[in-house]
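# Results of the structural survey
Residue-level listing of the chains:
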Amino acid sequence: MGAEDGRRLRASYTVEAAGVMAAVLFTILILMNRALGFRAETVGYFGLHETVERERHLIENMEETQIERQSSGNGWSLEITAPVFRPEQSLRLWSLAEDMG
């Protein structure tokens, strides 16, 4: 078959196809790299936020007024400051509002 039935591809088509495939694969590589970078940044942000939320509710931190934590990774950094959770103040205000109403 091949040469007898006249269906041959010219070499220029295969060279062009190799160039197109290289460009496509390079584009996919760049997109995957950015996606993994965004994922790492998001995981870092969520991890730091969870740490701050856990620490602001600990009894050991009741004497402090706020919690400050920092984290950084490959190309990103974040600092979160949050007030310490003090439910007794909220409950006092709530009971005061109930007494007035």
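In what follows, the accompanying structure is described. Quick caveat, the model's predicted, so the values are computed rather than measured.

A few words on the overall build of the chain. Along the chain, the regular secondary structure elements total two helices and two strands. What you see in the chain, going N to C, is helices and strands ordered as α-β-β-α. Over its C-alpha trace the chain gives a radius of gyration of 30 Å, far above what one expects of a compact globule, namely 13 Å for 101 residues. Overall, the C-alpha framework of the chain stretches about 100 × 35 × 15 Å when taken along its three principal axes. Of the contacts made within the chain by residues no fewer than 6 positions apart, 31% connect residues no fewer than 24 positions apart. Of the roughly 8700 Å² that the chain leaves accessible, carbon and sulfur atoms contribute 61%.

All right, on to the pattern of salt bridges then. A complete count under the given rule lists three salt bridges for this structure. Between arginine 54 and glutamate 50 there is a salt bridge whose closest N-O contact spans 2.8 Å. In this pair, arginine 54 and glutamate 50 both sit in helix α1 (residues 11-56), four residues apart, roughly one turn of the helix. Looking at arginine 54, the relative accessible area reads 58%, which means it is exposed.

Time to look at a nonpolar patch on the surface. On the surface, Val20, Met21, Val24, Leu25, Ile28 and Met32 cluster together into a nonpolar patch covering about 550 Å² of accessible area. Residue position: isoleucine 28 is located in helix α1.

What follows deals with the pairing of strand β1 (residues 66-73). Of the strand pairs in this sheet, β1 and strand β2 (residues 76-83) are connected by eight bridges, and their pairing is antiparallel. Its bridge partner lying in β2, glutamate 68 is registered against threonine 81. Between the antiparallel neighbours β1 and β2 lie two residues, among them glycine 75 with a positive phi of about 90°.

Turning our eyes to something else, we now look at the environment of serine 77. Mapped onto the fold, serine 77 is located in strand β2. Note on serine 77: relative accessible area 56%, which makes it exposed. The spatial distance from the C-alpha of serine 77 to the C-alpha of tyrosine 45 is 8.7 Å, given a sequence separation of 32 residues. With sequence-adjacent residues up to four places away left out, serine 77 is seen in contact with Ser71 and Ser72.

Let us look at helix α2 (residues 87-100). Under the 1.5 Å per step criterion, the end-to-end length of α2 is 20 Å for 14 residues, consistent within 8% with the ideal 20 Å. With respect to burial, α2 is a largely exposed element, only zero of its 14 residues being buried.

Our focus in this paragraph is the nonpolar core. Ranked by size, the top nonpolar core spans six residues in total: Leu48, Val52, Ile67, Ile80, Ala82 and Val84. For this core, the secondary-structure elements that each account for two or more residues are α1 and β2. In this view, leucine 48 contacts Arg69, Gln70, Ser71, Leu78 and Ile80; residues no more than four positions away in its chain are not counted.

Quick notes on the rules
- Residues numbered from 1 in each chain as written.
- Predicted model: local features only at pLDDT ≥ 70, side-chain atom pairs only at ≥ 80, totals over all residues.
- Heavy atoms only, no water.
- Helix = DSSP H or I, 4+ residues; strand = E, 2+ residues; numbered from the N terminus.
- Rg over C-alpha atoms; globule rule 2.2 N^0.38 Å.
- Contact = heavy atoms within 4.5 Å.
- Areas by Shrake-Rupley, 256 points an atom, 1.4 Å probe, with all protein chains shown as cover.
- Salt bridge = Lys/Arg side-chain N within 4 Å of Asp/Glu carboxyl O.
- Buried < 20%, exposed > 50% of the residue type's maximum accessible area, 1.4 Å probe, protein only.
- Patch = residues over 30% accessible without salt bridge, like charges linked within 9 Å, V, L, I, M, F, W, Y side chains within 5 Å.
- Pairing = 2+ DSSP bridges.
- Expected span 1.5 Å × (residues − 1).
- Core = buried A, V, L, I, M, F, W, Y, C linked by side-chain atoms within 4.5 Å.

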